[in-house]
Amino acid sequence: MTNQKRSDGTRARILSAAVERFTHGGYDTTSVADICAAANVSKGAFYHHFPSKQAVFIALLEQWLDELDETIRSVAAGGESAPVRLSRLAGLVGQVSELGTGRVPMFLEFWRQAAKDPEVWQVTVEPYRRFRAAFASLVADGIREGSLRAVDVDAAALALVSMGVGLVLQGALDPAEAQPADAGEHAVALLLSGLARGSDHDTK
């Protein structure tokens, strides 16, 4: 095994151990020593990869958000009509909900730390702003192509993203009653029925 592979493996173990410790013990009560013990690495190895516990936490947050961000950009840039692309994005809600199963404390830690730590907040809020921008762009595309009514694109994007976040949180908090994988698509279909050209709103 090369040194680079060993280094990558050590980093991956640290991140995996941090998820486990943050999930079960919370961020504030978890120490670097706890993470090192769970990962079976020395503190020297830990600090070779991360300058602090916060850096590990932010790396986990960035990893999750970057994967979601890349998927959203890929779907949003597709060649289908705006309603089809919006429905495909809604299907991602089920995937994200599955990631949240068993990780409720970790998700709550992300949001709790963001509320009190400017650096964590910045990492958290920027992707969501991009998500809203992607949805706003899709709604604008739909208006231009005539598949959606002329509406406030920013308000529509906020409603769509808020709905997605709410579905993810609901599925994570109550996995025993988790929403089916297509719940996001059904919810977006309801919103799209109001946005679609030819809806009752157009006749009023």
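For clarity, every value in this text was computed on a predicted model and none was experimentally measured.

What counts and what doesn't
Residues numbered from 1 in each chain as written. Predicted model: local features only at pLDDT ≥ 70, side-chain atom pairs only at ≥ 80, totals over all residues. Heavy atoms only, no water. Helix = DSSP H or I, 4+ residues; strand = E, 2+ residues; numbered from the N terminus. Buried < 20%, exposed > 50% of the residue type's maximum accessible area, 1.4 Å probe, protein only. Contact = heavy atoms within 4.5 Å. pLDDT = per-residue confidence, 0-100. Core = buried A, V, L, I, M, F, W, Y, C linked by side-chain atoms within 4.5 Å. Salt bridge = Lys/Arg side-chain N within 4 Å of Asp/Glu carboxyl O. Phe/Tyr/Trp six-rings, centres within 6.5 Å; stacked < 30°, edge-to-face > 60°. Lys NZ or Arg CZ within 6 Å of the ring centre and 35° of its normal. Axes fitted to C-alpha atoms, helices over the stretch in contact; angles between N-to-C directions. Parallel < 35°, antiparallel > 145°, perpendicular 65-115°, else oblique. Left-handed = near helix turned anticlockwise from the far one by under 90°. Nonpolar A, V, L, I, M, F, W, Y, C, P; charged D, E, K, R; others polar. Patch = residues over 30% accessible without salt bridge, like charges linked within 9 Å, V, L, I, M, F, W, Y side chains within 5 Å. Areas by Shrake-Rupley, 256 points an atom, 1.4 Å probe, with all protein chains shown as cover. Lys, Arg positive; Asp, Glu negative; His and termini not counted. Charge placed at Lys NZ, Arg CZ, Asp CG, Glu CD.

(A) Representation of the overall build of the protein in the model. In terms of helices and strands, the protein carries 9 helices and 0 strands. The secondary structure elements of the protein, listed N-terminal to C-terminal, are α-α-α-α-α-α-α-α-α. Here the protein holds 204 residues, and the buried ones make up 43% of them. Summarising the internal contacts of the protein: among those between residues at least 6 apart in sequence, 68% fall at separations of at least 24.

(B) View of the confidence of the model for the protein. The predicted model of the protein averages 79 in pLDDT, with 76% of residues at 70 or higher. Averaged pLDDT values over the elements of the protein bottom out at 66 in helix H9 (residues 183-195) and peak at 97 in helix H2 (residues 32-39).

(C) Just the nonpolar core, in detail. Grouped together as the largest cluster of nonpolar side chains are 48 residues, with contacts concentrated most on Ile14, Phe22, Phe46, Val56, Leu60 and Phe110. Those elements giving two or more residues to this core turn out to be helix H1 (3-25), H2, helix H4 (53-76), helix H5 (82-100), helix H6 (104-116), helix H7 (118-145) and helix H8 (153-173). Here this core takes 12 residues from H4, the largest share from any one element.

(D) Summary view of the pattern of salt bridges. Considering all chains together, one arrives at 7 salt bridges under this definition. In this structure, Asp141 and Arg85 form a salt bridge, with 3.4 Å as the shortest nitrogen-oxygen distance. Here Asp141, found in helix H7, pairs with Arg85, found in helix H5; they are 56 residues apart in sequence, far enough to count as distant. In this pair, the class of Asp141 matches that of Arg85, namely buried. Note that Glu109 and Arg112 form a salt bridge whose closest N and O atoms lie 3.2 Å from each other. Pair noted here: Glu109 and Arg112 are both in helix H6, with a separation of 3 residues, about one helical turn. Glu109 sits in the buried class, given a relative accessible area of 8%. Judged by relative accessible area, which is 36%, Arg112 ranks as partly exposed.

(E) How the structure looks around the environment of Val139. On the secondary structure map, Val139 appears in helix H7. What makes Val139 buried here is its relative accessible area of 0%. In this structure, the C-alpha to C-alpha distance between Val139 and Val153, residues 14 residues apart in sequence, is 5.9 Å. Leave out the neighbours within four places in its chain, and Val139 touches Leu148, Val151, Val153, Ala156 and Leu160.

(F) Inspection of the packing of aromatic side chains at higher detail. Applying the stated criterion across every chain yields a total of 6 aromatic pairs. For the ring pair Phe46 and Phe50, a centre distance of 6.0 Å and an interplane angle of 45° mean the geometry is tilted. A single burial state applies to Phe46 and to Phe50, both of which are buried. Grouped by ring-pair contacts, the aromatic residues Phe22, Tyr27, Phe57 and Phe110 constitute a single cluster. Across the ring face of Tyr27, the terminal group of Lys53 is positioned such that the distance to the ring centre comes to 4.2 Å.

(G) Structural detail: the packing of H1 against H2. Axis separation between H1 and H2 bottoms out at 8 Å; the angle between their running directions is 120°. When the axis of H1 is compared with that of H2, the two are oblique. The hand of the H1/H2 crossing is right-handed. Contacts from Arg13, Ile14, Ala17, Ala18, Glu20, Arg21 and Phe22 in H1 reach Asp34, Ile35, Ala38 and Ala39 in H2. A breakdown of the residues in the contact of H1 with H2 according to their chemical character gives 7 nonpolar, no polar and 4 charged.

(H) Seen up close, a negative patch on the surface. Residues Glu62, Asp66, Glu67 and Glu119 make up a contiguous surface patch of negative charge. Along the chain, Glu119 falls in helix H7.

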